[in-house]
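This is what each chain is made of:
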Amino acid sequence: MTQCNCSNGAHTAALRDEILRLKKEKNAVILAHYYVDGAVQDIADYVGDSLALAQKAAAAAGDADIVVMCGVHFMGETVKVLCPDKRVLMPDLEAGCSLADSCPADAFAEFVAAHPDHTVISYVNTSLAVKALSDVLVTSGNAHKIVDSFPKDAKLIFGPDRNLGAYINSVTGRDMLLWDGACHVHERFSAEAIASLKAEHPDAPVLVHPECRRPVVLMADVVGSTAVLLDYALRSDAKEFIVATESGILHKMRAGAPGKTFIPVPPEDSTCGCNDCGYMKLNTLERLRDCLRDEAPEIVIDQATAEAALKPINRMLELSK
Ligand code: 13P
Ligand code: SF4
C-alpha cells in the first residue's frame, strides 16, 4: 500500500522555537482546527471544532494584537467578524473549503429569494456573503439544537451541506429545504469501506462526521462534530475505533488515548489509508512561521458584509448556550 505523508514530520525544534519567539515578539495568539497537521495543533494556543473556535475566538484572542487562524478561510473570516480590532492572519489564504465553494452567494441569494417565507439556516462552512444572507448559522456541534429551537411547522432552508441537512432532517423529523452542496473530503467515505473494516474489527465503534453521505451515517455508532467524536473516543471503554472524518482528528485521539487504536476509514477511490483535506493541510509549520514573521497574509473583510454576517453568528452563539 502506498503511504501518504499524513503526519507531516517536517517540523524541527528550531522551527518551533522560531514560531514561539515570533509569537511572543508580535503578541500573537494561535488558533487551530482539529484537521490541521498535528505539529501545528501542538504549537497552537487553542485547538477546537468550528463551534468552539467561534465561541472562544474573542476570549482566546484576549489582549493579543494578532490572531493566527490555522484552519480554512471561512474560519479566519468568522474570527475577524468576532474580533474586528485584531489583525487576523492565516498561514495560507488559499486554504479554502469545497463545501463553502459549493454555495456561491449570488445563486444562494436567488434560492432564498424564491422562498421568501422560509427562515434561512446556514452551516458556518460558508463565505461571509452567504452568512450575510442567513437568519442563523449552525455548526455540526449545534445544528440539532438550533433547528429544534424553531417551531415544528416552521419553513426552513438549510444550506449548504445536503448531507448534514439530511442528517438533521432525520433526527429532528423536519423537511427542511436543502441546498445541494457537499464537502469533497467527507463524500469520499463509503459504507462498503466501513463494512470491510467492521468485519475485521467487530467491536470497534464507528465514529462518523455528519458531512458524510447517508449510507455512511447509517453505519455509525456515533455521529457528531470533531469535538463530539474526540470526546467519545477518549471517554469510551472500547479499545478500537473506526473513524470516518478528516484524518487530522486522529492526532488528538492518539495523543489523548495512547492505549487505544484508531482506524481511519480510507477514501473509496484511493489506496492511501487516510482522507486528508488538502486545504487544511496547507497550514504547515513553515507557513505559520512565515506568516508570523511577515505579518501576512491577512484576512480583510468588507465592513457592510461583516455587519450583516455578525447577526446570524451572534444568534447562533446565543442559541448554543
Ligand atoms: P467541525 O469541527 O465543526 O466538526 O467541522 C468540520 C469541518 O468540516 C470543518 O471544516
Ligand atoms: Fe471544507 Fe471539507 Fe475541508 Fe472541512 S474538510 S474544510 S468542509 S473541504
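Our structure's up above, just so we're on the same page.
Throughout what follows, the structure given in this document is the object of discussion.

**Things to note about the overall build of the protein**
Counting secondary structure elements, the protein contains 15 helices and twelve strands. Relative to the globule expectation of 20 Å for 321 residues, the C-alpha radius of gyration of the protein, 19 Å, shows essentially globular dimensions. Considering only contacts within the protein whose residues lie at least 6 apart along the sequence, 65% involve residues at least 24 apart. Total accessible area on the protein is roughly 13400 Å²; 52% of this is exposed by carbon and sulfur atoms.

**Some points on helix 14 (residues 285–294)**
All buried positions along helix 14 are accounted for by Leu285, Leu288, Arg289, Cys291 and Leu292. Down the axis of helix 14, the buried set is contained in an arc of 165°. They therefore lie on one face. For helix 14, the elements touching its buried residues are helix 1 (13–25), strand 1 (28–33), helix 2 (38–43), strand 3 (66–70) and strand 4 (87–89). The first or second residue beyond helix 14 is Glu295, which carries a positive phi of 50°.

**Section: the packing of helix 4 (residues 73–82) against helix 15 (residues 303–319)**
The contact between helix 4 and helix 15 brings their axes to 10 Å, and the two run at 90°. If you check the angle between helix 4 and helix 15, you find them roughly perpendicular. Where helix 4 abuts helix 15, its residues Thr78, Val81 and Leu82 lie against Ala306, Leu310, Ile313, Asn314 and Leu317.

**Digging into the site of ligand 1**
With respect to spatial proximity, the complete set of residues near ligand 1 consists of His33, Tyr35, Asp49, Ser50, Met75, Asn125, Ser140, His209, Glu211, Ser225, Thr226 and Met280. One nitrogen or oxygen atom from the side chain of Thr226 is found 2.6 Å from an oxygen atom belonging to ligand 1. Judged by the fraction of its atoms near the pocket grid, ligand 1 is located in the largest cavity. Along the lines of polarity and charge, the residues of the shell around ligand 1 split into three nonpolar, seven polar and two charged.

**Here's the deal with the side chain of Arg174**
Considering the arrangement of structural elements, one finds Arg174 in the loop between helix 9 (162–172) and strand 8 (177–178). In this structure the side chain of Arg174 is engaged in a polar contact, spanning 2.8 Å, whose partner is the backbone oxygen of Pro151. Filtering out sequence-adjacent residues up to four positions away, Arg174 remains in contact with Val147, Asp148, Phe150, Pro151, Lys152, Leu156 and Asn169.

Cut-off values and rules
- Residues numbered from 1 in each chain as written.
- Chains lettered and ligands numbered in written order.
- Predicted model: local features only at pLDDT ≥ 70, side-chain atom pairs only at ≥ 80, totals over all residues.
- Heavy atoms only, no water.
- Helix = DSSP H or I, 4+ residues; strand = E, 2+ residues; numbered from the N terminus.
- Rg over C-alpha atoms; globule rule 2.2 N^0.38 Å.
- Contact = heavy atoms within 4.5 Å.
- Areas by Shrake-Rupley, 256 points an atom, 1.4 Å probe, with all protein chains shown as cover.
- Buried < 20%, exposed > 50% of the residue type's maximum accessible area, 1.4 Å probe, protein only.
- Arc of directions from axis to C-beta.
- Axes fitted to C-alpha atoms, helices over the stretch in contact; angles between N-to-C directions.
- Parallel < 35°, antiparallel > 145°, perpendicular 65-115°, else oblique.
- Near = heavy atom within 4 Å.
- Polar contact = N/O pair within 3.5 Å; in protein donor to acceptor, adjacent residues only side chain to side chain.
- 1 Å grid on protein atoms, 1.4 Å probe; cavity = no way out; pocket = protein on both sides within 12 Å on 5 of 7 lines; lining within 4 Å.
- Sits in = over half its atoms within 2 Å of the grid points.
- Nonpolar A, V, L, I, M, F, W, Y, C, P; charged D, E, K, R; others polar.

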